[in-house]
Amino acid sequence: MKDKIVKTDYDAVIVGAGFSGLYMLHKLRKLGLRVVVFEKGDGIGGTWFWNRYPGARCDVQSLEYSYHFDDSLQQEWEWPERYSAQPDILAYINYVARKFDLQKDVVLDNEVKSASYDQNSGKWNISSTKELASAQFCVMATGCLSSTNSPSFSGLEKYTGETLHTGLWPKEKVNLRGKEVGIIGTGSSAIQSIPIIAQEAKHLHVFQRTPNYSVPAQNHKLEEEQNLIKQNYSTYRKKWEQEFFAFGVNEPAGEAASASKETLVTEYEKRWEEGGLMFLGAFSDLIIDDNANKTARDFIKNKIKQIVKDPATAKKLLPNYSVGCKRLCADTGYYETFNKPNVSLIDVSENIIKEFTKTGLLLSDGTSYELDSCIFATGFDAMTGSLDKIQINGKNGLSLKQKWGDGPRTYLGLGISGFPNLFHIAGPGSPSVLTNMMASIQQHVEWIADCINWMSKNGYTRIEAEDNAENDWVNHVNEVAEGTIYPSCNSWYLGANIPGKTRQFMPYIGGYPYYVKKCNEVASRGYDGFSLS
Ligand code: NA7
């Protein structure tokens, strides 16, 4: 079979056909480049292709979580709800692909196995299931939350029940009606799916290692507000991009540390009613001052105690770390679900899941659970996991795994020293997952396309991040994170959910506007911090 694979030469190969890969394709094609996208899945959509679990929904508002590069697109697409469900986002991506005729340059079912830089030709050799390719540029659009984490529970191979992972949910309808269902994990995916699964399952057993903070999404059908925003869409987009997290948030009501009890309660109640992640924008010091943060977490904990009727269950649901440190969740009826007679919460923080048996699982104290289906809502090897799966070799055969052995290092999250002409969209060191991803994706893609265009106009064929610039950026990313509450708990931002992964805060928490300014300055100074030839 292998000898039938022909090698094709492109100007650019893009890995991944999610929001970032597809827009990158569009931009580079417009520059006249010969571009191809290699995608592992049998459909486009990235995160929204794989995460089909019941209740999967975006936690950034639909009118913000969408492309802004084409006005006719943003005018003609109608979002049904304030927060879009996965099928609506997937339908949108497919609509965009049809509108801009993107699919013809996407090779589906095509997993990239390796990418190696050839110093003699100055090209990347990319090997995938269906194609061997060479290209001047390689763009990794592999997603931040795409490589699933499936803990290796002992005895799992013996278990005869059904196993599912929220991040690899089947396309076909999964029937959980009348079944004893277990779900391991209580992150965002679990928090969204638990209320829906509880409606179907005979009994839902929730195995919780660490409770999470969640605020109501207050999702609703979109009506007049959609038209109002569309009338001034570009003004709104500009306004949102001035925000720290690149999404619209009402002005903070001052600093929580010095606010009166009355102000705190009034503001938090208001934000709780408004719904969504904007809750953390209530006061300006919540992510930098743990005393201020305490006022927000106390408020949420009180809400949990009010909502959950059984005090023992409510107690188990109370987190003991700073709110926002693990990504805040937005839910529809999560805490209320624990009042249902067919839902139970099992704390596995100390009494851990010891092993799977033929018919269920066993905790370390000997308690056993019989399960027809077990759902792993155990998250992702975030930000670096997808690249780790590809054998990437840069200059002098240096592998990315080697280079990132003590944690990922990038310049602006976009370029990596030792890996010329390789760009990474929303890589570690970029604001990505801490912002409205759509804003970050568009900014990264446009920056990369402008860079490639500039290189061609100025007679350069090769660009590489300089060591010094990379070191300075990594130090800056770490320094900014240290000044916040973010490194104070075990989160996937730090890689703490993956045994053996180096603990390093991966995204950039200096704010979207500062990051964009920095990227623009770098570009305007002839790509300062990159060496060009
Ligand atoms: P998360 O947020 O990483 O959640 C994974 C959950 O799985 C979390 O509660 C983990 O507990 C739990 N987990 C992981 N391994 C185990 C083991 N071995 N035993 C018990 N429990 C375990 O992933 P999600 O998919 O929910 O969300 C990821 C992001 O997607 C989310 O932040 C949004 O940005 C969208 P832990 O907290 O590690 O103790």
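Caption draft 1: The overall build of the protein, seen in detail. Secondary structure summary: the protein contains 16 helices and 20 strands in total. Taken over C-alpha atoms, the radius of gyration comes to 23 Å for the protein, in line with the 24 Å a tight globule of 533 residues would show. Dimensions of the protein, computed from C-alpha atoms along their principal axes, come out at roughly 70 × 55 × 45 Å. Evaluated residue by residue, the protein yields a buried proportion of 57% over its 533 residues. A separation threshold of at least 6 residues defines the contact pool for the protein, and within that pool the share at least 24 residues apart is 72%. Total accessible area on the protein is roughly 22,100 Å²; 49% of this is exposed by carbon and sulfur atoms.

Caption draft 2: The packing of helix α8 (residues 261-274) against helix α9 (residues 290-307), seen in detail. Between α8 and α9, the least distance of the axes is 11 Å, while the angle of their chain directions is 60 degrees. As judged from the angle between their axes, α8 and α9 are oblique. In the packing of α8 onto α9, the handedness of the crossing is right-handed. Taken together, the residues of α9 that come into contact with α8 (itself represented by Leu264, Val265, Tyr268, Glu269 and Trp272) are Ala292, Thr295, Ala296, Phe299, Ile300, Lys303 and Ile307. Across the contact of α8 with α9, the residue classes break down as 9 nonpolar, 1 polar and 2 charged.

Caption draft 3: View of the pattern of salt bridges. Per the counting criterion, the structure on display carries 26 salt bridges. One salt bridge connects Glu76 with Lys99, and the closest N-O pair in it is separated by 2.8 Å. Here Glu76 is found in helix α3 (residues 71-76), whereas its partner Lys99 is found in helix α4 (residues 86-99), with 23 residues between them in sequence. Among the ionic pairs, Glu162 bridges to Lys179, the shortest N-O distance being 3.9 Å. Of this pair, Glu162 sits in strand β7 (residues 162-165) while Lys179 sits in the loop between β7 and β8 (180-184), and the two are 17 residues apart along the sequence. Exposure remark for Glu162: the relative accessible area of 29% places this residue in the partly exposed category. Several salt bridges share partner residues, and in doing so they unite Asp9, Asp11, Arg34 and Lys123 into one network.

Caption draft 4: Spatial organisation of the nonpolar core. If you look at the biggest cluster of nonpolar residues, it comprises 134 residues, and the most contacted ones within it are Phe19, Leu204, Tyr268 and Trp447. If you tally residues by element for this core, the top one is helix α14 (residues 437-457), at 10 residues. Once residues lying within four places of it in the same chain are set aside, the contact partners of Trp447 are Leu414, Phe423, Cys519, Val522, Ala523, Tyr527 and Phe530. Among the nonpolar cores identified, the runner-up in size contains 23 residues, and Val13, Ile126, Ala135 and Met140 belong to it.

Caption draft 5: How the structure looks around the sheet that holds β8. Strand order in the open sheet formed by 5 strands is β7-β16-β8-β9-β12, with parallel pairing between adjacent strands. The sheet terminates laterally at β7 and β12 (343-347), the two strands that pair on one side only. Across the sheet, the mean angle from the axis of one strand to that of its neighbour is 20 degrees, orientation sign disregarded. Bridging between strand β9 (residues 203-208) and β12 involves 5 bridges; their strand directions are parallel. Its bridge partner being in β12, Phe207 is matched across the sheet by Ile346.

Caption draft 6: Representation of the packing of helix α1 (residues 19-30) against α14 within the structure. Two numbers describe how α1 lies on α14: the axes approach to 9 Å, and their chain directions differ by 30 degrees. Comparing their axes, α14 and α1 come out roughly parallel. As for the relative orientation of α1 and α14, their crossing is right-handed in sense. Of the residues in α14, those touching α1 at Phe19, Ser20, Tyr23, Met24, Lys27 and Leu28 are Met438, Ile441, Gln442, Val445, Glu446, Ile448, Ala449 and Ile452. When its residues are assigned to classes, the contact of α1 with α14 shows 10 nonpolar, 2 polar and 2 charged.

Caption draft 7: Looking closely at the site of the ligand. In the region of the ligand, 18 residues are neighbours, and Thr186, Ser189, Arg209, Thr210 and Lys326 sit closest. With respect to the ligand, the side chain of Arg327 contributes an N or O atom lying 3.0 Å from an oxygen atom. A distance of 3.1 Å separates an oxygen atom of the ligand from a polar atom in the side chain of Trp492. Surface burial for the ligand is 86%, taken as the share of its 780 Å² of free accessible area covered by protein chains. In terms of residue class, the shell around the ligand is built from 7 nonpolar, 8 polar and 3 charged.

Caption draft 8: Layout of the packing of aromatic side chains. Summed over the entire model, instances satisfying the criterion amount to 47 aromatic pairs. When the ring of Tyr23 is compared with that of Phe69, the centres are 4.5 Å apart and the planes differ by 15 degrees; the resulting orientation is stacked. Taken together, the positions of Tyr23 in helix α1 and Phe69 in the loop between α2 (47-50) and α3 put the pair 46 residues apart, joining distant regions of the chain. For Tyr23, a relative accessible area of 2% translates into the label buried. With 5.0 Å between their ring centres and 55 degrees between their planes, Trp454 and Tyr527 make a pair best called tilted. Of this pair, Trp454 sits in helix α14 while Tyr527 sits in the loop between α16 (512-524) and β20 (530-532), placing them 73 residues apart in sequence. Positioned over the ring face of Phe49 is Arg52, at 4.8 Å from the centre of the ring.

Caption draft 9: Up close: unusual backbone geometry. Unusually for a residue other than glycine, Asp109 sits at a positive phi of about 55 degrees. Examined against the element boundaries, Asp109 turns out to sit in the loop between β3 (106-107) and β4 (112-118). In this structure, Tyr527 is a non-glycine residue whose phi angle is positive, near 60 degrees.

What counts, and at which threshold
Residues numbered from 1 in each chain as written. Predicted model: local features only at pLDDT ≥ 70, side-chain atom pairs only at ≥ 80, totals over all residues. Heavy atoms only, no water. Helix = DSSP H or I, 4+ residues; strand = E, 2+ residues; numbered from the N terminus. Rg over C-alpha atoms; globule rule 2.2 N^0.38 Å. Buried < 20%, exposed > 50% of the residue type's maximum accessible area, 1.4 Å probe, protein only. Contact = heavy atoms within 4.5 Å. Areas by Shrake-Rupley, 256 points an atom, 1.4 Å probe, with all protein chains shown as cover. Axes fitted to C-alpha atoms, helices over the stretch in contact; angles between N-to-C directions. Parallel < 35°, antiparallel > 145°, perpendicular 65-115°, else oblique. Left-handed = near helix turned anticlockwise from the far one by under 90°. Nonpolar A, V, L, I, M, F, W, Y, C, P; charged D, E, K, R; others polar. Salt bridge = Lys/Arg side-chain N within 4 Å of Asp/Glu carboxyl O. Core = buried A, V, L, I, M, F, W, Y, C linked by side-chain atoms within 4.5 Å. Pairing = 2+ DSSP bridges. Near = heavy atom within 4 Å. Polar contact = N/O pair within 3.5 Å; in protein donor to acceptor, adjacent residues only side chain to side chain. Phe/Tyr/Trp six-rings, centres within 6.5 Å; stacked < 30°, edge-to-face > 60°. Lys NZ or Arg CZ within 6 Å of the ring centre and 35° of its normal.

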